[in-house]
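Residue-level structure breakdown
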Amino acid sequence: MKRIFIGMLLAASLAACSDGNKTGEQIDYDIQGSWDEGAGQWIRLVSEKSPQAVDSVQVGDDRQFHMQGQLDYAQKATLLFGKQGGDYKERRAKDLFLDGTPVKLTVKKEEGNPFNPSGIDVTVEGSPEQLLIDQQFSLELMNMFVELGEGTAKDEAAKKRAREGRENFNKTLFALIDSARNCRMVTYVISDFMVPRYPIRTIDSLYNTLGDNVKQSQLGRNLADKIARLKAVNIGAQAPDFTLPTVDGGEFRLSDLRGKIVLLDFWASWCGPCRGELPNVKKIYEKHHADGLEVVGISLDKDRDKWLKAIEEEELPWIQVSSLQAFDCAVAKQYSVQAIPRLFIIDREGKIIGLDLRGEKLAQRMDEIFAQ
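Report on the accompanying structure. These numbers were taken from a predicted model, which means no experiment stands behind them.

**Let's talk about the nonpolar core**
In this structure, Ile31, Leu98 and Leu105 are the most contacted members of the largest nonpolar core, which totals 56 residues. For this core, the element with the most residues is helix H5 (residues 186–194), which contributes 6 residues. What Leu98 contacts, discounting residues up to four positions off in sequence, is Ile27, Tyr29, Ile31, Leu45, Leu71, Ala74, Gln75, Ala77 and Val103. In this structure, Phe242, Ala268, Cys271 and Leu316 belong to the second largest nonpolar core, which totals 47 residues.

Here you go:
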């Protein structure tokens, strides 16, 4: 299975992307196609700037549809298929790369696929960059297999295979990005897939390999801005100060803990991996709290009752704060948190000295800090 995915990714060349990259930012879109058994159904177009539909069309009795319009810049957008006013979550969503190239869709009935409960299959013909959307999905699936191997490796032989799997995956990933360096769609691969998983120095290095046409595009500028924000909360940077409400309605300010070693833990009651890491954080807290360690749990919950229930169930003794705005939390954005759990270690002077460590690696790092 792993070799199949690697072959799929490496076999595709994306050099043609450079032909479709126009210097102008504003683009016209032209989307048309047919939907078997789709007469009367609705299709909505959602841009990356807003969850609200920017366009919609009802499929005609002849099962044909067509929508035209304009977007501020070339971007990945999403089509939602369903009934007007209905629950689009029950239907199929399909990502498109819109760069001015006309798009043709073929929507057919599909049955018996447990991975596609919508019951429809969507085929897209359009920009050469559309291929990279499918390749990003393959990357994510391949990464799941690699992570599974890493997480279940117990003996040395299994650990060696897991390391080799990760090395092969990285070679495939970097080769794909190199082949797509003139594609604006590659900014999504770096931003959405790589940023939550790879060190900022790797992200920055890959950005520097991109073509000037990509860097100068709106998507390239968006990625550059994200990299700058990541650098602001990277190891060696001063941890941004913030204030958030506590569980009892009070107010917590990070700078009040100056002089302490602080472990910032971004988590949520609904996040299984977050709660799976809590026993390890508990052991670290119990071991080093008397020596000056403080843990601050920043919940990305929306439901206050679920947040408080999780704190009670896990018997968490440290500071807990939340804006109850999930990933819209200003502090989560300030710290460029795109996925959780995310942990930052802050020294007594308020500088970030560690991030994204978990399990045994986190425990070892904390032991090193308190041994100094």
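**Considering unusual backbone geometry**
Among all residues save glycine, negative phi is the norm, and among peptide bonds the norm is trans. Residue Pro341 is reached from Ile340 by a cis peptide bond, and omega for that bond is 5°. You can see Pro341 is positioned in the loop between helix H11 (330–334) and strand S14 (342–346). Its identity as a non-glycine residue notwithstanding, Glu37 has a phi of 60°, on the positive side. For Glu37, the position within the fold is in the loop between strand S1 (27–35) and strand S2 (42–46). Phi is positive for Glu315, close to 55°, though the residue is something other than glycine. Within the secondary structure, Glu315 sits in the loop between helix H10 (304–314) and strand S13 (319–321).

**Remarks on the sheet that holds strand S11 (residues 261–267)**
Here we have 5 strands laid out as an open sheet, ordered S13-S12-S11-S14-S15, and mixed in their pairing. Both edges of this open sheet fall to S13 and strand S15 (352–355), since each of them pairs with a single strand only. The mean angle between the axes of side-by-side strands here comes to 20°, regardless of whether they run parallel or antiparallel. One ladder, built from 5 bridges, connects S11 with S14; its direction is antiparallel.

**Considering the packing of aromatic side chains**
Two measures describe an aromatic ring pair: the distance that separates the ring centres and the angle between the ring planes. A full pass over the atoms with the stated rule returns 10 aromatic pairs. Ring geometry for Phe266 against Tyr335: centres 5.8 Å apart, planes inclined by 45°, an arrangement best described as tilted. Here the residue Phe266 occupies a position in strand S11, and Tyr335 occupies one in the loop between H11 and S14, the gap between them amounting to 69 residues. A relative accessible area of 0% means that Phe266 is categorised as buried. Centroid distance Tyr335 to Phe344: 5.1 Å. Interplanar angle 75°. Geometry classified as edge-to-face. Residue class for Tyr335 comes out buried when judged on its relative accessible area of 0%. A cation over an aromatic ring shows up here: Lys215 above the ring of Tyr207, its NZ or CZ 5.5 Å from the ring centre.

**Some words on the layout of surface pockets**
Taken as a whole, the largest pocket holds about 1800 Å³ of empty space. Sorting the residues of the lining of the largest pocket by element identifies helix H3 (130–152), helix H4 (156–179), helix H6 (200–208), helix H9 (272–288), S15 and helix H12 (359–371) as the ones contributing at least two each. Of the residues that constitute the lining of the largest pocket, the class distribution is 17 nonpolar, 9 polar and 14 charged.

**Focus: the state of the cysteines**
As enumerated under the stated definition, the model contains 1 disulfide in all. Two residues share a disulfide in this structure: Cys271 and Cys274, whose sulfurs sit 2.3 Å from each other. In this structure, the disulfide formed by Cys271 and Cys274 twists by about 75° around the S-S bond and is classed as right-handed. Exposure remark for Cys271: the relative accessible area of 5% places this residue in the buried category. The class of Cys274 is buried, set by a relative accessible area of 2%.

**As for empty space enclosed by the protein**
By the definition in use, this model includes 1 cavity of 30 Å³ or more. Within this model, the largest cavity holds a volume of roughly 80 Å³. Every residue lining the largest cavity is counted, 13 residues in all, and those nearest its centre are Leu254, Ser255, Arg258, Ile346 and Gly350. When its residues are assigned to classes, the lining of the largest cavity shows 5 nonpolar, 3 polar and 5 charged.

**Examining the packing of H5 against helix H8 (residues 218–231)**
Viewed as axis vectors pointing N to C, H5 and H8 meet at an angle of 25°, and their least axial separation amounts to 9 Å. With respect to their mutual orientation, H5 and H8 come out roughly parallel. For the element pair H5 and H8, the recorded crossing hand is left-handed. Counting all contacts with H5, which are made through Thr187, Tyr188, Ile190 and Ser191, the residues of H8 involved are Leu219, Gly220, Leu223 and Lys226. Each residue belonging to the contact of H5 with H8 can be placed in one class, and the counts come to 4 nonpolar, 3 polar and 1 charged.

**Quick word on the sheet that holds strand S6 (residues 93–98)**
As a general point, the strands of a sheet are linked pairwise by backbone hydrogen bonds and lie either parallel or antiparallel. Judged by pairing direction, the sheet is antiparallel, and its 4 strands sit side by side in the order S3-S2-S5-S6 without closing on themselves. A strand with exactly one partner marks an edge of an open sheet, and here the two such strands are strand S3 (53–58) and S6. Taking each pair of neighbouring strands and ignoring which way they run, the sheet shows an average axis angle of 25°. Inspection of the sheet shows S2 paired to strand S5 (residues 75–82) by 5 bridges, in the antiparallel sense. Bridge pairing in S5 links Arg44 to Leu80. Most of the contacts of H3 go to S6, to which it runs at about 135°, and overall it touches S5 and S6.

**Concerning the pattern of salt bridges**
Evaluated as defined, the whole model comprises 12 salt bridges. In this structure, Arg181 engages Asp178 in a salt bridge whose closest nitrogen and oxygen atoms are separated by 3.2 Å. A relative accessible area of 34% means that Arg181 is categorised as partly exposed. Owing to a relative accessible area of 43%, Asp178 belongs among the partly exposed residues under this scheme.

What counts and what doesn't
Residues numbered from 1 in each chain as written. Predicted model: local features only at pLDDT ≥ 70, side-chain atom pairs only at ≥ 80, totals over all residues. Heavy atoms only, no water. Core = buried A, V, L, I, M, F, W, Y, C linked by side-chain atoms within 4.5 Å. Buried < 20%, exposed > 50% of the residue type's maximum accessible area, 1.4 Å probe, protein only. Helix = DSSP H or I, 4+ residues; strand = E, 2+ residues; numbered from the N terminus. Contact = heavy atoms within 4.5 Å. Pairing = 2+ DSSP bridges. Axes fitted to C-alpha atoms, helices over the stretch in contact; angles between N-to-C directions. Phe/Tyr/Trp six-rings, centres within 6.5 Å; stacked < 30°, edge-to-face > 60°. Lys NZ or Arg CZ within 6 Å of the ring centre and 35° of its normal. 1 Å grid on protein atoms, 1.4 Å probe; cavity = no way out; pocket = protein on both sides within 12 Å on 5 of 7 lines; lining within 4 Å. Points joined across faces, edges and corners; volume = space filled by probe spheres on them. Nonpolar A, V, L, I, M, F, W, Y, C, P; charged D, E, K, R; others polar. Disulfide = S-S within 2.5 Å. Parallel < 35°, antiparallel > 145°, perpendicular 65-115°, else oblique. Left-handed = near helix turned anticlockwise from the far one by under 90°. Salt bridge = Lys/Arg side-chain N within 4 Å of Asp/Glu carboxyl O.

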